[in-house]
Amino acid sequence: MKPFDLSQLSRAHEVRFSSDEPADEKLPWPQFTVADLNFFYGSHQALRGIDLIVPNKRVMAFIGPSGCGKTTLLRTFNRMNETIPGTRVEGSIRLGDKDLFSFPATRLRRVVGMVFQKPSPFPKSIFDNVAYGLRLDPSIRRNEIADKVEQSLRRAALWDEVKDKLHQSANGISGGQQQRLCIARALAVEPEVLLLDEPCSALDPISTAKIEDLLFEIKNLCTIVIVTHNMLQAARVADYVGFFLNGELVELNRAKQIFQNPEMQQTQDYITGRFG
Amino acid sequence: MSASYPPLSRKIINVAMLALTGLCTLLVLAVLLTILGYLLWKGASSLNIAFFTKIPAPVGQSGGGVENAIVGTLKLLALASAIGVPIGLLGGIYLSEFAGGWSAFTIRYTTDLLNGVPSVVMGIFVYTLVVLPMHHFSTMAGGIALGIMMIPIALRSTEDFLRAVPRSLREGGLALGASKSETIFTIVIPAAIYGIITGIMLDIARVAGETAPLLFTAFGNLYDSPGWMQPTASLPVVIYNYAISPYDVWHQQAWAAGFVLLSGLLVISVVSRMVLARGKKLSHG
Amino acid sequence: MANTVLATPEVPFESRGLDKKQTWWERLRKGDEVVHLITLAGGWSILVITGLLVQHLWVYSRLSRHAFGWHFLVDSTWDPVNGVFGAWPFVYGTVVTSLLALAISIPIGLGAAIFLAELAPRKLSNALTFLIELLAAVPSVIYGLIGIFLLIPVLFNVVPYFQKYFGWLPIFNGTFYGVSYFSASIVLSIMVVPFIISISREVLISVPVSQREAMMALGATKWDVTWRAVVPYARQGIMGSIFLSLARALGETMAVTMVIGNVAQVSTSLMAPGYTIAAVIANEFTEATGDLYLHALIELGLVLFVVTMIFNALARLLMLTMKGHEVVG
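Residues numbered from 1 in each chain as written. Chains lettered and ligands numbered in written order. Predicted model: local features only at pLDDT ≥ 70, side-chain atom pairs only at ≥ 80, totals over all residues. Heavy atoms only, no water.

With respect to the interface of chain C and chain B
Then step 1. Contacts between the two partners involve 84 residues from chain C, matched on the other side by 86 residues from chain B.
Then step 2. In total, about 7300 Å² of surface goes out of reach between chain C and chain B, with carbon and sulfur atoms giving 79% of it.
Then step 3. Its largest share of buried area at the contact with chain B, chain C owes to Ile-46, Phe-149 and Trp-223 of chain C, together 9% of the area lost on that side.
Then step 4. Counting across the chain C and chain B interface gives 1 salt bridge.
Then step 5. Asp-224 of chain C serves as the salt-bridge partner of Arg-10 of chain B, at 2.7 Å between the closest nitrogen and oxygen.
Then step 6. For the pair chain C and chain B, the interface holds 8 residue pairs in polar contact (both at pLDDT 80 or more).
Then step 7. The greatest single-element share of the side of chain C that touches chain B, amounting to 18 residues, is contributed by helix α2 (residues 32-59) of chain C.
Then step 8. A breakdown of the residues in the side of chain C that touches chain B according to their chemical character gives 56 nonpolar, 20 polar and 8 charged. (Contact = heavy atoms within 4.5 Å. Buried area = accessible area lost by both parts, 1.4 Å probe. Salt bridge = Lys/Arg side-chain N within 4 Å of Asp/Glu carboxyl O. Polar contact = N/O pair within 3.5 Å; in protein donor to acceptor, adjacent residues only side chain to side chain. Helix = DSSP H or I, 4+ residues; strand = E, 2+ residues; numbered from the N terminus. Nonpolar A, V, L, I, M, F, W, Y, C, P; charged D, E, K, R; others polar.)

So, in structure tokens, the structure goes:
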């Protein structure tokens, strides 16, 4: 896998550069390469001709109004959409240099982890929640699990808050802690990519801030793709932002560029609150 | 709106009819309390140690008990559960997790219909299915009859409780690389387990009082019934036989047996609701 | 905030085992197909059992069906000794007791359901409903016990007064022996009333507030709103509960057997003893000598099965269209 040039981020969308940044900035190799992707729920087309590259070890955010397809694209990256009957995907996605659809979905999802909108801890203890993914893999030895659980909880900045109640029900902690627990759960299997589907939309501002801090900490561990309604959040955490509208990728650019000087009129309208 | 609306006559009808609905409720509650109270009074006064430890005394003699019927009922319920619970669980998992479209509809509808089959008809069915080929009544036949009767409720309650598990939990498991079946067995079923257990306990309580299907399958027995291949006594059938007998001693025994049977059912019913409440408490912190 | 520093070296995919060939063990452990197949067997066993049930009832009633045809249902002679079987007394008794039971339990059950759904505070309503549903958990044989030793002695005291004033009506005249259509109907009505209350209450509770507000805004009384807006809106579910109760009453065996008298006759008077289909099966099945006798009893079972299935199917259809209501029992 080779590093690539920023201008190659999308064949369909020109990525512009502001004067204070080098135009020939090299990005790490492409984590996902999406080419001409179409997605259907029954006869309804949710994604139209999507074309983009997600760079490794970067944070990419997808923004756009409800129903614009951003969550659908996110759920295509770990093939969660396959669990919904009546869905169909056309086009190609490559994970690194391999076809995403050539792997068994259960293995793929251990490499591409996901955190959902609503905190969804399993009705088990905090420890068992984090250990869940580890225990699915018979090659992980039992005695490693406790260490890995602690490591994951530390990475999710939750260890100090829950270390005394590891064996209590995960439903007993606050919503923000639950969401960080879900992040710890996803990190425990050491994924290469972490997908986050509006992870803070159900949380209060303080919990949101904690999760954003956490994203900064883990972005050098894995590639992060985050879907968000909150443009300020996208501006704070993302390196690159894609703006979606009606199933199409309208614009893909540096975060700074897209919020300060977007290329497309529709992006401008959205970020200034004229719709959505 | 003027103060005279609604007119006085309407107001009187209002109060009268509402009072009448309250009376209906009171009437039903009074019947319930009478039944429970009378059974408690007659039953408890007829109970003694021999009732639990002795087999029936010969006709006309006092003393004796229904030890054989208590053991028989327990054996029948154990066999019924061994048949009804696994099939009900599997079917419930199938309906909730795998079935779709016409297959789900057909099974669900058929299950509800099977649940409505009169118990006496179920007795005939198992008679032709088991007793005729074997040429004699047996604990086995009675257990099969009760087991078949358990399936519909076990299946539908399992399905309902599995369905109530939110999709977010299933997706959480799948997103960690669990397969669908791993998610079902390690997340969905554990999340619904208290409800499932409650449903099964109530199901057992329901068939424990069934009498008609046992008349031509387990039949009855004045003595202990070793093994599974001989006719056996059971509490409901004993209540029936004793109640329609002309002997006062047996009437006493029928009341005692009714009291023991109903107490058992009510205990199961209350305990299972406590299990459900505990499950709710656990899953909500 | 472009991040140009690579913090950690990336891990090549190959090392994550994504490309590794799946072992048969992994395939089995992850195998949804196996679980699908096993649970499918559990689900389909319901269809197999129901199919066997219908087949057995049909095959084991063939002698009687061939010998008597449709006359079986309308002939009044039930003579095992001479091998003549007509089911009319049982059909008549079953229909009379079930309809009378519903006539008693529908108004009372509906009244109680209205009280519990519309008037009682929700907490009290839930507690009372729990108690009433206990009635549904009492085994049939215990209702029979109560019927024989509590209800019938009470009726012996009440019925003579009743007959003094209403005895001129054919349905009330004749000697009262205790065991009768009337006693069986009362026991049956007690047994089905919890179903009517429980299901109707659920249906009434779920009637949307908008249905009530429209009439309340016009200044209607509470009763007007309930009777003219809420109950009509819920009538489908209420009908469902009635059909379900009817199916149960038709098929009820033990309690009826113990209080109806078990006499194969057709009487106009409700005070006379009678017989029902379920009761004759329960009483005579183990004593049936000869194949024709047995087949006649099984044909009675077939009739009972078909009739209860029809009412159950109707009830389920009605309630299926009312979404979100689980049927008790």
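A short note on the nonpolar core
Then step 1. Phe-216 of chain B together with Trp-78, Leu-204, Ile-281, Phe-285 and Leu-300 of chain C are the most contacted members of the largest nonpolar core, which has 188 residues in total.
Then step 2. Those residues in contact with Trp-78 of chain C that sit more than four places away from it in its chain are Phe-72, Val-84, Phe-85, Gly-86, Phe-90, Val-280, Glu-284, Tyr-293, Ala-296, Leu-297 and Leu-300 of chain C.
Then step 3. By size, the runner-up hydrophobic cluster in this structure holds 50 residues, among which are Ala-170, Cys-182, Leu-196 and Ile-218 of chain A. (Core = buried A, V, L, I, M, F, W, Y, C linked by side-chain atoms within 4.5 Å. Buried < 20%, exposed > 50% of the residue type's maximum accessible area, 1.4 Å probe, protein only.)

Description of the pattern of salt bridges
All names here are of chain A.
Then step 1. Across all of its chains, the model carries 21 salt bridges over all chains by this definition.
Then step 2. We note a salt bridge from Glu-161 to Arg-180, for which the minimum N-O separation is 2.9 Å. Taken together, the residues span a long stretch of sequence, with Glu-161 in helix α5 (residues 159-162) and Arg-180 in helix α6 (residues 175-188) at a distance of 19 residues.
Then step 3. A relative accessible area of 31% places Glu-161 in the partly exposed class.

A few points about the sheet that holds strand β12 (residues 248-254) of chain A
All names here are of chain A.
Then step 1. Taken in spatial order, the 6 strands make up an open sheet running β8-β9-β10-β5-β11-β12, and their pairing is mixed. On the outer flanks of this sheet lie β8 (112-115) and β12, each paired with one strand and no other. The sheet shows a mean angle of 20 degrees between the axes of neighbouring strands, direction not considered.
Then step 2. Pairing between strand β5 (residues 59-63) and strand β11 (residues 240-245): 4 bridges, direction parallel. (Pairing = 2+ DSSP bridges. Axes fitted to C-alpha atoms, helices over the stretch in contact; angles between N-to-C directions.)

What about the domain arrangement of chain C?
Residue and element names in this part refer to chain C.
Then step 1. In terms of domains, chain C is made up of domain 1 (24-59) and domain 2 (63-321).
Then step 2. Once you take the C-alpha centre of each, domain 1 and domain 2 turn out to be 36 Å apart.
Then step 3. Each side of the interface is counted separately: domain 1 has 5 residues, and domain 2 has 5 residues.
Then step 4. For the domain 1 and domain 2 pair, buried surface summed over both sides reaches about 540 Å², with 72% attributable to carbon and sulfur atoms.
Then step 5. There are 0 salt bridges connecting domain 1 and domain 2. (Domains from an automatic or database assignment.)

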